[in-house]
Amino acid sequence: MKLKSATWAPQVWKWPKWGRTRSAAVGCYRRRLQLSTPLSLTREPVESEPRRRSAMAGSDPLVARPGLAIVIMGVSGCGKSTVAALLAEALGCSFIEADDYHSQANKAKMSKGIPLSDADRTPWLESLRDAIRDRLDGEDVAVSCSALQLKYREILRAADKSYQPGYYAACRVKFVCLRASAEVITDRMQRRSSEGKHFMPASLLQSQLDLLQIDAAEGITEVDATMRAGDIVRDTIAQFREELASTVPPCF
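- As annotated in an unreviewed UniProt entry, the protein chain is Gluconokinase from Urochloa decumbens.
- Per UniProt, the protein chain has the following entry under Catalytic activity (unreviewed entry): "D-gluconate + ATP = 6-phospho-D-gluconate + ADP + H(+)".
- Taken from UniProt, the Pathway (unreviewed entry) comment for the protein chain reads in full: "Carbohydrate acid metabolism; D-gluconate degradation."

In structure tokens:
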């Protein structure tokens, strides 16, 4: 039975197995629907769907907002893991590090300075897509992934089961690209490599820069990677605030 109006109340009142009183009937019907707010016995205005969907999570317990995946992308050394981890902390959501989904063969290949082929990347991206999909049911997720080309990002967008190729704005997987000069990135990668913090050598940077491709139609936000990570997180939350399932703290 759909709650399009208050006309259901007299019908409920006539159902003897639900109790002899009007309040008992309402209580039983409410329990069947597992509602967390009381039902009114009088007609009330029905809030429009667009307005309900634009409300922040928690404002209406009857509306379950879909989750949003925000992928912080860019070449190795741009700071995407740092930004994505801080974003997850600010939102109180899951954080997925794409490097954790590389096979040992991929890591060994890159550590030797050998660029990955598409055959190497596809299984990696598909496993990452599945991990994102598992978390998108009512939960936000912050992801760190290079996602250098459109065809790679399309694999990740497929984590949204309702995504139709080319309809980027409606997709629940969004991308923010961190950009910096080759000199800045090289310095970061050399420092990180000397400290033994990553398997990717600076020698592979040029191959990544050559691969990086963004189609203007995708609407991907490009950010200066030399900005403070906290500022990038703040701006990212501000950009996607209306689409997030998370209740964003007032400080953001």
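1. What to know about the nonpolar core
And step 1. Within the largest apolar cluster, 54 residues are counted, with the highest numbers of intra-cluster contacts made by Ile132 and Cys145.
And step 2. When contributions to this core are tallied by element, the ones reaching two or more residues are strand E1 (69-73), helix H4 (80-91), helix H6 (118-135), strand E3 (141-144), helix H7 (150-157), strand E4 (173-179), helix H8 (182-194) and helix H10 (229-240).
And step 3. Apart from residues no more than four positions distant in its own chain, Cys145 is found in contact with Val71, Ile72, Met73, Gly74, Lys80, Ala98, Trp124, Leu125, Leu128 and Leu156.

2. Notes on the packing of H4 against H10
And step 1. Packing of H4 against H10 brings their axes to within 9 Å, and their N-to-C directions diverge by 55°. As judged from the angle between their axes, H4 and H10 are oblique. Handedness of the H4/H10 crossing: right-handed. Contact with H4, carried on its side by Thr82, Val83, Leu86, Leu87, Ala90 and Leu91, involves Ala229, Gly230, Ile232, Val233, Thr236 and Ile237 of H10 and no other residues of that element.
And step 2. For the contact of H4 with H10, a count of residues per class yields nine nonpolar, three polar and no charged.

3. What to know about the sheet that holds E4
And step 1. Read across the open sheet, the five strands follow the order E2-E3-E1-E4-E5; overall the sheet is parallel. Each edge of the open sheet is held by one strand with a lone partner, namely strand E2 (94-97) and strand E5 (221-224). Mean inter-strand twist for the sheet, computed between neighbouring axes without regard to direction, equals 20°.
And step 2. For E1 and E3, the ladder comprises four bridges, and the chain directions are parallel. Each residue of the ladder has a partner; that of Ile70, found in E3, is Ala142.
And step 3. Sheet strands in contact with H4 are E1, E2, E3 and E4, and its direction is about 170° off that of E3.
And step 4. Contacts between H7 and the sheet are confined to E1 and E4, with E4 contributing the most and set at about 145° to the helix.

What counts as what
- Residues numbered from 1 in each chain as written.
- Predicted model: local features only at pLDDT ≥ 70, side-chain atom pairs only at ≥ 80, totals over all residues.
- Heavy atoms only, no water.
- UniProt positions renumbered as here; feature names shortened; annotations may be inferred.
- Core = buried A, V, L, I, M, F, W, Y, C linked by side-chain atoms within 4.5 Å.
- Buried < 20%, exposed > 50% of the residue type's maximum accessible area, 1.4 Å probe, protein only.
- Helix = DSSP H or I, 4+ residues; strand = E, 2+ residues; numbered from the N terminus.
- Contact = heavy atoms within 4.5 Å.
- Axes fitted to C-alpha atoms, helices over the stretch in contact; angles between N-to-C directions.
- Parallel < 35°, antiparallel > 145°, perpendicular 65-115°, else oblique.
- Left-handed = near helix turned anticlockwise from the far one by under 90°.
- Nonpolar A, V, L, I, M, F, W, Y, C, P; charged D, E, K, R; others polar.
- Pairing = 2+ DSSP bridges.

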